[in-house]
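Structure at a glance
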Amino acid sequence: MPRLLTLGSLAAAALGGAAGLAPLPSSAADYDIDCAVILCMAAGFPSEPSGTCSDAYDYMIDRITDRPPEPPFDTCTMSDGSAYDAAEVAFARPSRQSRVGWICPEPAPMAFDETADYTFATPSCYPDAEYIPSVFEGGTWFLGAPVAAERIAYRFQITIPTGAGGEPYVSPVFLSNPDTGFSLTLTPEELTEIAEQPTITLDDTP
């Protein structure tokens, strides 16, 4: 019998687990699967002893890849029998032809062309790239060795009200690609660092 989740324990667990991406306790296995998705998404789907967050992630992916797609979770039932529906999920499936559909393994310039077909090809990242300004031509990129970019199939962020007039908890952004096993949780600061990395036009390279 799954344990029913109270509103208070939901907010406390989300805030406690997500703040430091700490593993959820093994009792997370007692939560029903829709409640577990909310808790685990708030913490970036961490590894934890019960494996509940792994199960919750698989369940979520099954729902959003259904035809037609379903929301990432259904009804989380509280201890009084009512449904918890206060959590809000920002969810996107970035296009392969969009720069936000790819990420470098570490912050680095990426060679990307939105007119290119990246169905079977992968954009390249250049962690050793150096830009040399030029008075006459504006500048030139010297790239160094390329590294393959990671495909971002899904992007999630969850907001959970904390009650009592407090500020809501807004989770880090969770990036995922079930086909490759890629997953990454990014703080606002890390997102800003990535957004500030330039996109390289290969025409500007020697």
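Parameters at a glance
- Residues numbered from 1 in each chain as written.
- Predicted model: local features only at pLDDT ≥ 70, side-chain atom pairs only at ≥ 80, totals over all residues.
- Heavy atoms only, no water.
- Pairing = 2+ DSSP bridges.
- Helix = DSSP H or I, 4+ residues; strand = E, 2+ residues; numbered from the N terminus.
- Axes fitted to C-alpha atoms, helices over the stretch in contact; angles between N-to-C directions.
- Parallel < 35°, antiparallel > 145°, perpendicular 65-115°, else oblique.
- Contact = heavy atoms within 4.5 Å.
- Nonpolar A, V, L, I, M, F, W, Y, C, P; charged D, E, K, R; others polar.

Here's the deal with the pairing of strand S14 (residues 182-186)
When a strand is regular, its side chains alternate between the sheet's two faces. Pairing of strand S13 (residues 173-177) with S14, which is carried by five bridges, proceeds in the antiparallel orientation. Bridge pairing links Leu175 to Leu184 in S14. Remark: four residues form the turn of the hairpin made by S13 and S14, two consecutive strands paired antiparallel; Gly181 in that turn has positive phi of roughly 85°.

Describing unusual backbone geometry
With an omega dihedral of -5°, the bond running from Arg67 to Pro68 counts as a cis peptide bond. Assignment of secondary structure puts Pro68 in the loop between helix H3 (52-64) and strand S1 (76-77). Residue Phe45 is not a glycine yet carries a positive backbone phi of 50°. Along the chain, the position of Phe45 falls in the loop between helix H2 (33-42) and H3.

Re the packing of H2 against H3
Relative orientation of the contacting elements H2 and H3 amounts to 105°, with a least axis distance of 9 Å. It follows from the interaxial angle that H2 and H3 lie roughly perpendicular. Residue-level inspection shows Ile33, Asp34, Ala36, Val37, Cys40 and Met41 of H2 in contact with H3, the latter providing Thr52, Cys53, Asp55, Ala56, Tyr59 and Met60. Partitioned by chemical class, the residues of the contact of H2 with H3 number nine nonpolar, one polar and two charged.

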